[in-house]
Amino acid sequence: MSDLSEQFQAEQIKVDEEIITSQQEESNQDKSSRSSSGSSFVPVDHIQDAIQVIDENKKFNGELLNYISSSPDRSGQGDYRIISVFGSQSTGKSTLLNHLFNTNFDVMNEVNRQQTTKGIWLAHSPGVTHSAKSVSPENVLVMDVEGTDGRERGEDQDFERKAALFAMSTSEVLIVNLWETQVGLYQGANMGLLKTVFEVNLSLFGKAKLQNNEHKVLLLFVIRDHLGVTPVESLARTIEQDLLKIWDNLNKPADVSHLNFDDFFDLAFHTLSHKVLQYDKFKSDIKLLGNRFVDESDPGFLFRPFYHHDIPIEGWTMYAQSCWDQIDNNKDLDLPTQQILVAKFKCDEIATQCLEEFEEKFQAFEQDARETVLQGSAVLYEEIGSSLKDIREDILEEYDASASKYNKKVFEQKREILSDKVISRLRAVFSIYAEYLTTTTTKELTSALRKKSSKYGSFAEKVQGLTSSTVERYAASLALLSIGGSIPTNSHVNALQENINSLVAKQQLVELNNIISKSLKKINNGLSTAILDQISKPNKDTWDYILERFNDLRSTALNKYQTDHGYDFGLATEKAVNDNALSTLEFKAWELFDQLIRKYISKDNLLNILKDRFDEKFRYDENGVPRLYQKSQELETSFADSKDYALEALPILSFARLSNGAELRPKYDVRNKALQRKYATVRVSTEEEDDQYESEVDDDDEEDEDQCFAQIITEADKSDVLNRFRRETDARFVETKRSILQSVTQIPMWVYVVIVVLGWNEFMAILRNPFFFTLLIMFGAGGYILWQMNLLGPSMVVAQRAFDEAVAMGKEKLREFLIDESAQHGHNLSTISGQSKNLSEVVSEARVEQPEDSDENQ
């Protein structure tokens with residue numbers, strides 16, 4: 001015991017000497033510096049001065065950021081640590097900070113024990129005292145909080161509670177400084193104050209924990225003047241039990257009652273030996289504590305990532321001021337909300353700056369896009385898409401470099417907003433190229449649909465192949481422009497698909513109309529032949545045959561398109577379109593039928609048909625041999641029969657009537673203008689249009705009730721044709737009868753007998769002469785041949801006509817030299833023929849027949 005006592009006395013003397021030396025140094029420092037109770041003081045040697053964050057009157061210092069920014073040896077804006085000290089007054093808090101972090105907070109004058117630190121002070125630590133080697137010093141900011149339970153404030157505990165809550169809400173590590181002898185005490189260990197702070201902290205910060213906030217605060221209990229009798233584990237267990245007991249007895253809000261103490265705080269403990277009695281050991285313990293702040297390999301390393309506030313230092317100053325304002329004014333405090341507000345402010349500022357720089361690049365890029373499209377130049381969509389992507393990534397990288405140090409969630413939210421704004425602007429360029437791509441794609445598809453190609457089979461297969469390949473190419477090009485899918489392309493692809501459907505529908509109608517045109521052409525050719533064949537020899541079955549032929553042609557044109565479920569034209573068209581095409585074809589077929597009838601059976605054509613039928617009967621016999629009328633009675637009978645035969649065709653061709661007596665009725669009213677407009681081309685019908693056409697059809701029916709498909713020639717035209725036919729046939733009768741009169745004026749038969757009798761010698765002379773005899777045999781053989789072939793009559797008629805023409809020409813020549821006395825000549829001919837007519841009758845006949853002869857000769 002005596003040895004220990006002597007050793008203790010020796011150490012005490014040594015410590016006293018160091019204290020006297022230290023007091024002398026501090027006295028010298030007081031002469032050259034200001035007290036830390038002021039707003040600032042001059043640094044001593046390498047030790048950094050401090051700034052008062054909150055003064056004793058609860059006023060926040062607005063120069064805090066300037067102080068931090070001007071502090072030397074800062075390693076970066078985001079690389080910092082905030083440490084606060086909390087404890088009873090005069091427990092050596094400032095001394096602990098000065099030894100541990102090499103700061104220069106004012107310490108208590110041990111001669112006069114009184115309050116030293118007023119308010120809350122902050123200083124930049126030039127370096128942490130530690131014994132580890134090759135460890136980089138942390139960028140640490142240290143806050144010295146006014147001590148609790150001071151006699152200067154007495155029972156006024158408002159400031160110390162607010163200060164403690166401020167330190168807890170703004171610091172990563174809160175050092176609770178207490179003596180070993182205070183462990184286990186309620187007031188001495190500040191348990192009462194901690195309970196109040198915990199309650200407020202729980203009510204204010206509990207909502208953040210409901211959102212899975214991982215942020216915590218480390219409560220580092222530094223136990224001073226530890227003699228080593230009581231193990232640190234036992235002291236730690238006592239403090240932890242007291243804290244948990246306090247936590248269990250808190251008045252917790254219902255929505256956070258399930259949260260535990262360790263959801264908000266972590267606990268750490270460190271002991272320091274007696275500063276006076278064990279000074280060397282005290283300094284060694286300080287170094288060991290310093291190692292826990294700087295050496296990450298230390299098992300008790302204190303600066304864990306989840307203690308950090310995730311905001312840069314300039315944002316932390318704004319956050320600290322907001323916290324104090326709400327604490328001092330008794331406002332609700334939501335720590336994460338304040339962090340987010342700071343992060344939002346700074347991230348918005350950075351994003352705005354990035355957008356301004358982006359806008360300059362974007363204007364030039366957009367102008368290039370408009371010029372390219374306007375000129376119709378070829379576009380490499382892969383290069384354009386890559387450029388769009390690079391522009392966005394450059395802006396986001398610039399934003400990331402400045403804003404990534406702020407709250408991660410806010411940073412990501414603002415980044416997404418910035419990205420959306422950039423994409424929104426780039427969408428304008430995307431739209432320019434997308435519209436250009438749509439236009440060029442549509443033109444190419446339209447051209448391909450119209451071309452005839454053997455690459456595809458049917459039209460439906462061609463449409464399927466072209467549309468699928470076109471949409472695939474279009475979607476691939478849009479994907480290149482979409483900035484990695486950031487700009488949706490579905491709306492453009494759907495719009496193109498609708499446009500393609502419209503183009504295909506139009507081309508389908510074109511193809512349907514071509515099919516109808518080809519079918520109508522075939523019907524026209526076949527029906528024209530049938531009509532021409534029938535109207536040349538009309539009979540009671542004429543219209544039955546024409547109608548049957550028309551139906552056959554129409555059926556033949558549609559048979560190859562007929563299926564079990566209706567009609568399919570091989571164009572992949574809908575049933576409604578096919579039905580409309582079928583109706584259009586049928587209407588146009590009937591319309592063509594009507595046009596052909598009126599084309600081939602017009603008023604003039606009908607007159608020619610009647611004349612041809614009359615001539616066929618009047619000029620030729622049953623064997624097709626030309627008729628030679630010798631008697632007037634025969635002429636009159638033939639004329640009446642021929643006329644009746646010709647007029648038999650007039651009712652048949654003027655009105656289309658079937659053999660059963662029913663008139664020919666079409667399926668459609670082909671003369672109705674509304675129906676003509678409706679079936680002008682194949683169309684996609686709608687109910688409204690159909691109703692409109694039906695209404696127009698009814699109106700036109702009322703106006704055109706007198707129209708009839710079967711009536712080919714009107715009664716007025718029919719009367720006109722009949723009159724013209726009668727005039728022309730009558731003229732033909734007069735002409736033929738005149739030829740009979742001319743044949744009667746020939747030499748009588750008895751004259752030939754006289755000539756034979758009187759010329760017998762000459763006849764015998766011909767027989768005796770070989771040359772004349774040969775000619776006689778030749779003429780006799782020729783006559784025999786003609787008689788055997790029944791051509792003797794026609795030959796005689798031809799010879800007679802040739803003789804008549806010769807006589808007529810002779811007469812015409814005589815008239816050129818002699819006076820034309822046709823009347824007298826006719827009278828003479830009549831006298832010779834034995835017919836007695838007076839002169840006036842002959843003259844009148846000559847006058848009537850003269851123009852007809854002229855016309856006939858012409």
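No experiment lies behind these values; they were computed from the predicted model shown.

*Asks:* Honestly, the overall build of the protein chain in this entry has me stumped. Any pointers?
*Replies:* In terms of regular secondary structure, the protein chain is built from 27 helices and 9 strands. Across the 858 residues in the protein chain, those meeting the buried criterion constitute 41%. Within the protein chain, residue pairs in contact and separated by at least 24 positions form 77% of the contacts whose partners lie at least 6 positions apart. Roughly 47600 Å² of accessible area belongs to the protein chain as shown, and the carbon and sulfur atoms make up 50% of that amount.

*Asks:* Explain the environment of K540 to me, please; I cannot follow it from the model alone.
*Replies:* With respect to the element layout, K540 can be found in the loop between α13 (490-536) and α14 (542-559). Spatially, the C-alpha atom of K540 lies 9.3 Å from that of A649, the residues being 109 residues apart in sequence. Residues contacting K540, with those up to four places away along its chain left out, are I652, L658 and S659.

*Asks:* How should a nonpolar patch on the surface be read in this particular structure?
*Replies:* Side chains of Y784, I785, W787, M789, L791, L792 and M796 sit close together on the surface and give an oily, nonpolar patch of about 740 Å² of accessible area. Going through the elements one at a time, α24 (770-788) and α25 (792-817) are the ones with two or more residues in the nonpolar patch. Top element by residues in the nonpolar patch is α24. It accounts for 3 residues.

*Asks:* Hey, could you run me through the UniProt feature "binding site: GTP" (unreviewed entry) in the protein chain in this one?
*Replies:* Taken from the UniProt record, the annotation "binding site: GTP" (unreviewed entry) applies to G87, S88, Q89, S90, T91, G92, K93 and S94. Looking at the secondary structure, you find G92 in the loop between β2 (81-87) and α3 (93-101). If sequence neighbours within four positions are ignored, G92 has contacts with N177 and R224. With respect to the helices, strands and loops of the structure, K93 is situated in helix α3.

*Asks:* Whenever I open this one, the nonpolar core confuses me. Can you help?
*Replies:* In globular proteins that are soluble, nonpolar side chains generally tend to be buried together. By size, the foremost hydrophobic cluster in this structure holds 112 residues, and its most contacted members are Y399, I531, W543 and F593. With 15 residues, helix α11 (residues 408-450) is the single largest residue contributor to this core. Counting contributing residues, this core receives three or more from each of domain 2 (340-487) and domain 3 (512-687 + 706-738). Within the second largest apolar cluster, 87 residues are counted, among which are F101, A123, A320 and W324.

*Asks:* How should I be thinking about the environment of L218 in this particular structure?
*Replies:* Counting through the fold element by element, L218 comes out in strand β6 (residues 217-224). Counting along the chain gives 50 residues from L218 to A268, while the straight-line C-alpha distance between them is 7.2 Å. Not counting residues within four places of it along the chain, the set of residues in contact with L218 comprises E172, V173, L174, D266, L267, A268, L302 and Y307.

*Asks:* What exactly am I supposed to notice about the packing of aromatic side chains here?
*Replies:* Centre distance and the angle of the planes are the two values used to describe a pair of aromatic rings. Per the stated rule, a full pass over the model turns up 25 aromatic pairs. Between Y399 and F411, the aromatic rings sit 5.5 Å apart at their centres with planes inclined by 5°, giving stacked as the arrangement. Taken as a pair, Y399 in helix α10 (residues 381-403) and F411 in helix α11 lie far apart in primary sequence, 12 residues in all. Note on accessibility: Y399 and F411 belong to one class, buried. Grouping aromatic residues by their ring pairs yields a cluster made of F614, F618, F639, F725 and F733. Taking the ring centre of Y645 as reference, the NZ or CZ of R613 above it sits at 4.0 Å. Over the ring of Y645 we find K617; its NZ or CZ atom is 5.7 Å from the centre of that ring.

*Asks:* Explain the packing of α14 against helix α15 (residues 575-600) to me, please; I cannot follow it from the model alone.
*Replies:* Between two packed helices, the angle of one axis relative to the other and the distance separating the axes together describe the packing. Running from N to C, α14 and α15 point in directions that differ by 145°, and their axes come no closer than 11 Å. You can see that α14 and α15 cross each other, and the crossing is right-handed. Mapping the contact onto sequence places W543, I546, L547, F550, R554 and L558 in α14 and L582, L585, E586, A589, W590, F593 and I597 in α15.

*Asks:* Could you clarify how one ought to interpret α24 in this entry?
*Replies:* Residues spaced three or four apart along an α-helix point in a common direction, a consequence of the helix completing one turn every 3.6 residues. The terminal C-alpha atoms of α24, which comprises 19 residues, lie 27 Å apart, in line with the 27 Å expected from a rise of 1.5 Å per residue. A positive phi of about 55° marks N790, the residue just after α24.

*Asks:* I tried to follow the sheet that holds β2 on my own but got confused; where do I start?
*Replies:* For sheets, the rule is that strands pair by backbone hydrogen bonds, running either parallel or antiparallel. Pairing in this open sheet of 7 strands is mixed, and the strands run β1-β3-β4-β2-β5-β6-β7 from one edge to the other. Each end of this open sheet is capped by a strand with a single partner; those strands are β1 (50-54) and β7 (265-271). Recorded for the sheet is a direction-independent mean angle of 25° between the axes of neighbouring strands. Both β6 and β7 contribute to a ladder of 7 bridges, which runs parallel. Paired with V217 across the two strands is F265, which belongs to β7. Lying on the sheet, helix α4 (residues 158-170) is in contact with β1, β2, β3 (120-124), β4 (140-145), β5 (173-179), β6 and β7; it crosses β4 at an angle near 165°.

*Asks:* When you look at the packing of α3 against helix α7 (residues 279-294) in this model, what are you seeing that I'm missing?
*Replies:* Close contact between α3 and α7 brings their axes to 9 Å; oriented N to C, the two are set at 65°. Classified by the angle between their axes, α3 and α7 sit roughly perpendicular to one another. As for how α3 packs across α7, the hand of that crossing is right-handed. Contacts between α3 and α7 pair L96, H99, L100 and F101 from the former with Y279, F282, I286, L289, G290 and F293 from the latter. The class makeup of the residues in the contact of α3 with α7 is 8 nonpolar, 2 polar and no charged.

*Asks:* Would you explain the pattern of salt bridges in this entry?
*Replies:* Pairs may arise between side chains of opposite charge once their charged atoms sit close together. Here the structure, examined in full by the defined rule, presents 19 salt bridges. The residue D348 makes a salt bridge to K414 at a minimum N-O spacing of 2.9 Å. Residue D348 is found in helix α9 (residues 335-375), and its partner K414 is found in helix α11; the two are separated by 66 residues along the sequence. You can call D348 partly exposed: its relative accessible area is 33%. For D400, the salt bridge identified is with R415, shortest N-O distance 2.8 Å. Here the residue D400 occupies a position in helix α10, and R415 occupies one in helix α11, the gap between them amounting to 15 residues.

*Asks:* Honestly, the confidence of the model for the protein chain in this entry has me stumped. Any pointers?
*Replies:* Taken residue by residue, the protein chain gives an average pLDDT of 76. The fraction at 70 or more is 76%. When mean pLDDT is taken per element in the protein chain, β7 scores highest with 90 and helix α1 (residues 2-32) scores lowest with 42. Below a pLDDT of 50 lies the segment residues 1-48, which in the model reaches 47 contacts outside its immediate sequence neighbourhood of four places, other chains included. Considering only residues more than four positions removed or in separate chains, one finds that residues 842-858, a stretch of pLDDT under 50, has 15 contacts.

*Asks:* I keep staring at α4 and nothing clicks. Help me out?
*Replies:* Compared with an ideal rise of 1.5 Å per residue, which puts 13 residues at 18 Å, α4 spans 18 Å between its outermost C-alpha atoms and is within 8% of the ideal. The element α4 is largely enclosed, with a buried count of 11 among its 13 residues.

*Asks:* Quick question: what am I supposed to make of the pairing of β3 here?
*Replies:* Side-chain direction in a regular strand flips from residue to residue, so the side chains alternate between the two faces of the sheet. Among the 5 residues of β3, 5 are classified as buried, and the element is accordingly described as predominantly covered. Both faces of β3 are covered, namely the face carrying I120, L122 and H124 and the face carrying W121 and A123. Summarising the sheet, β1 and β3 pair through 4 bridges and their orientation is antiparallel. Note on β3: the bridge partner recorded for I54 is I120. Where β3 meets β4, 5 bridges bridge the pair, whose relative direction is antiparallel. Within the sheet, the bridge partner assigned to I120 lies in β4 and is V145.

*Asks:* How should the pairing of β2 be read in this particular structure?
*Replies:* For β2, the tally of buried residues reaches 7 of 7 residues, placing the bulk of the element in the interior. Neither face of β2 is left uncovered, since the one carrying R81, I83, V85 and G87 and the one carrying I82, S84 and F86 both have all their residues buried. Direction of pairing for β2 relative to β4: parallel, over a ladder of 5 bridges. The residue of β4 that forms the bridge with R81 is V140. Where β2 lies against β5, 5 bridges are found, and the strand directions are parallel.

*Asks:* I'm lost on the side chain of Q534 in this one. Help?
*Replies:* Take Q534: it is sitting in helix α13. If near-sequence neighbours (up to four positions away) are discounted, Q534 is found in contact with N539, T542, Y545 and I546.

Parameters and conventions
Residues numbered from 1 in each chain as written. Predicted model: local features only at pLDDT ≥ 70, side-chain atom pairs only at ≥ 80, totals over all residues. Heavy atoms only, no water. Helix = DSSP H or I, 4+ residues; strand = E, 2+ residues; numbered from the N terminus. Buried < 20%, exposed > 50% of the residue type's maximum accessible area, 1.4 Å probe, protein only. Contact = heavy atoms within 4.5 Å. Areas by Shrake-Rupley, 256 points an atom, 1.4 Å probe, with all protein chains shown as cover. Patch = residues over 30% accessible without salt bridge, like charges linked within 9 Å, V, L, I, M, F, W, Y side chains within 5 Å. Salt bridge = Lys/Arg side-chain N within 4 Å of Asp/Glu carboxyl O. UniProt positions renumbered as here; feature names shortened; annotations may be inferred. Core = buried A, V, L, I, M, F, W, Y, C linked by side-chain atoms within 4.5 Å. Domains from an automatic or database assignment. Phe/Tyr/Trp six-rings, centres within 6.5 Å; stacked < 30°, edge-to-face > 60°. Lys NZ or Arg CZ within 6 Å of the ring centre and 35° of its normal. Axes fitted to C-alpha atoms, helices over the stretch in contact; angles between N-to-C directions. Left-handed = near helix turned anticlockwise from the far one by under 90°. Expected span 1.5 Å × (residues − 1). Pairing = 2+ DSSP bridges. Parallel < 35°, antiparallel > 145°, perpendicular 65-115°, else oblique. Nonpolar A, V, L, I, M, F, W, Y, C, P; charged D, E, K, R; others polar. pLDDT = per-residue confidence, 0-100.

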